[in-house]
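Remarks on the overall topology
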Amino acid sequence: MLIHPWDAARDDAEWQQWLAVHDFGQLAVNGLAGEHPFVQPLHFAFDPARGEVLTHLARPNPLWGALEASPDCLLSVVDDYAYIPGPWQADPDGPSEHGTPTSFYAAVQLRCRAHVVDDPAEKASLLNQQVGHFQPEGGSARVAVGEVPFGRMLSGIRGLRLEVTGVRAKFKYAGKRTAEVRERIADGLADRGGPGDAAAREHLLRRQRA
């Protein structure tokens, strides 16, 4: 992923705060010899204090062999994207049809080293931490080894602790454009009001203020 200086995260807090509420991504794992890489969509819980991602997958998932052979993997999250028509980006002193169309998006890529969790008690703890992240209001029984309703299901999954070893973060929102052009784009996003436009506009304005 190419990251120009004007698209880079301002600091760790920017991408960490974004990742805290964008907790669905794709885990890319090197394939075994002669195979394509595995790409697994999944929910996850990121713990910035520990530099760790928690998740789990079904035991029959075909990526386990590849992950055990090569535990270095990449978790990729992309969201808050919007298509930007060319005229919105045109220079103020040039023809509108000469503006370059582009995409806005936020993206965080976490390089990770995977640690597989098979111990039943550790899996139960991992699952409870995940549910606590996604369902802080409660309402579901805690997972406990040998106890209903979820204890019997533990054998059907394997847990994953992904140790974060590197981060690449990008917020592509007209960072190199003039204030006049950014304001035009913000107005265009507000008027269009399509899927993702409000989030993209907020990023543009937030980063402009910063």
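All residue numbers refer to positions counted from 1 along the written sequence of the respective chain. Only residues with pLDDT of 70 or above have their local features reported here, since the model is predicted, and side-chain atom pairs are shown and tallied only from 80 upward, although totals for entire chains, interfaces and linings are computed over all residues. With hydrogens and water set aside, each side-chain value is computed from the structure's full complement of heavy atoms.

**Notes on the sheet that holds strand E6 (residues 102-117)**
- Within the open sheet, the 7 strands sit side by side as E2-E1-E5-E6-E7-E4-E3. Their pairing is antiparallel. Strand pairing shows two members of the sheet lacking a second neighbour, strand E2 (38-43) and strand E3 (45-47), which therefore form its edges. Taking each pair of neighbouring strands and ignoring which way they run, the sheet shows an average axis angle of 35 degrees.
- Only strands joined by at least two bridges in the DSSP assignment are considered to pair. Helix and strand definitions here come from DSSP, where helices need a minimum of 4 consecutive H or I residues and strands a minimum of 2 consecutive E residues; each element is numbered from the N-terminal end. One ladder, built from 7 bridges, connects strand E4 (residues 52-58) with strand E7 (residues 157-172); its direction is antiparallel. Bridge pairing in E7 links His56 to Gly159. To get an axis, fit a line to the C-alpha atoms, keeping to the stretch in contact for a helix; angles then go from 0 to 180 degrees between the N-to-C directions.

**So, the pattern of salt bridges**
- When a carboxyl oxygen of Asp or Glu lies within 4 Å of a side-chain nitrogen of Lys or Arg, that pair is called a salt bridge. Per the counting criterion, the structure on display carries 10 salt bridges.
- Where Arg50 meets Glu52, a salt bridge forms, and the shortest distance between an N and an O atom there is 3.3 Å.
- Burial classes: relative accessible area under 20% of the type maximum marks a residue as buried, over 50% as exposed, and values in between as partly exposed (1.4 Å probe, protein chains only). Glu52 sits in the buried class, given a relative accessible area of 12%.
- A salt bridge links Asp72 to Arg113, with the nearest nitrogen and oxygen atoms 3.1 Å apart. Separated by 41 residues along the polypeptide, Asp72 in strand E5 (residues 72-84) and Arg113 in strand E6 bring together distant segments of the chain.
- The exposure class assigned to Asp72 is partly exposed, which follows from its relative accessible area of 38%.
- A relative accessible area of 34% means that Arg113 is categorised as partly exposed.

**Considering helix H5 (residues 197-209)**
- By this rule, a helix spans an expected 1.5 Å times one less than how many residues it contains. Here H5 contains 13 residues, and its C-alpha end-to-end distance of 18 Å stays within 8% of the 18 Å for a straight helix at 1.5 Å per residue.
- Those residues of H5 lying buried are Asp197, Ala200, His203, Leu204, Leu205 and Arg207.
- Each element contacted by the buried residues of H5 is listed here: helix H1 (12-20), E5, E6, E7 and helix H4 (179-192). By definition, residues are in contact when any of their heavy atoms lie within 4.5 Å.

**Digging into the environment of Asp72**
- For the pair Asp72 and Val164, spaced 92 residues apart in sequence, the C-alpha to C-alpha distance is 9.9 Å.
- Each residue touching Asp72, except ones within four places of it in the same chain, is listed here: Asn30, Cys112 and Arg113.
- Side-chain polar atoms of Asp72 contact the side chain of Arg113, separated by 3.1 Å. Contacts described as polar in this section are N or O atom pairs within 3.5 Å, which, within protein, must combine one atom able to donate a hydrogen with one able to accept it, while residues neighboring in sequence count only if both atoms come from side chains.

**Topic: helix H3 (residues 120-134)**
- Look at H3: 21 Å from first C-alpha to last across 15 residues, which is about the 21 Å you get at 1.5 Å a residue.
- Residues of H3 that are buried include every one of Lys123, Ala124, Leu126, Leu127, Asn128 and Gln130, and no others.
- Its buried side turned inward, H3 meets E2, E3, E4, E6 and E7.

**A look at the environment of Val29**
- Inspection of the secondary structure puts Val29 in strand E1 (residues 24-29).
- What Val29 contacts, discounting residues up to four positions off in sequence, is Pro37, Phe38, Leu63, Ala66, Leu67 and Cys73.

**Remarks on the nonpolar core**
- If you look at the biggest cluster of nonpolar residues, it comprises 41 residues, and the most contacted ones within it are Leu19, Leu110 and Ile185.
- Ranked by the residues each element gives to this core, the list is headed by E6, at 6 residues.
- If we ignore the near neighbours within four places in the chain, the residues touching Leu110 are Trp15, Leu19, Phe46, Val53, Cys73, Leu74, Leu75, Val164, Gly166 and Val167.
- Nonpolar cores are built from buried Ala, Val, Leu, Ile, Met, Phe, Trp, Tyr and Cys residues. Side-chain atoms within 4.5 Å join them into one set. One finds Ala124, Val143, Leu154 and Ile157 within the second-largest nonpolar core, a separate group that totals 5 residues.

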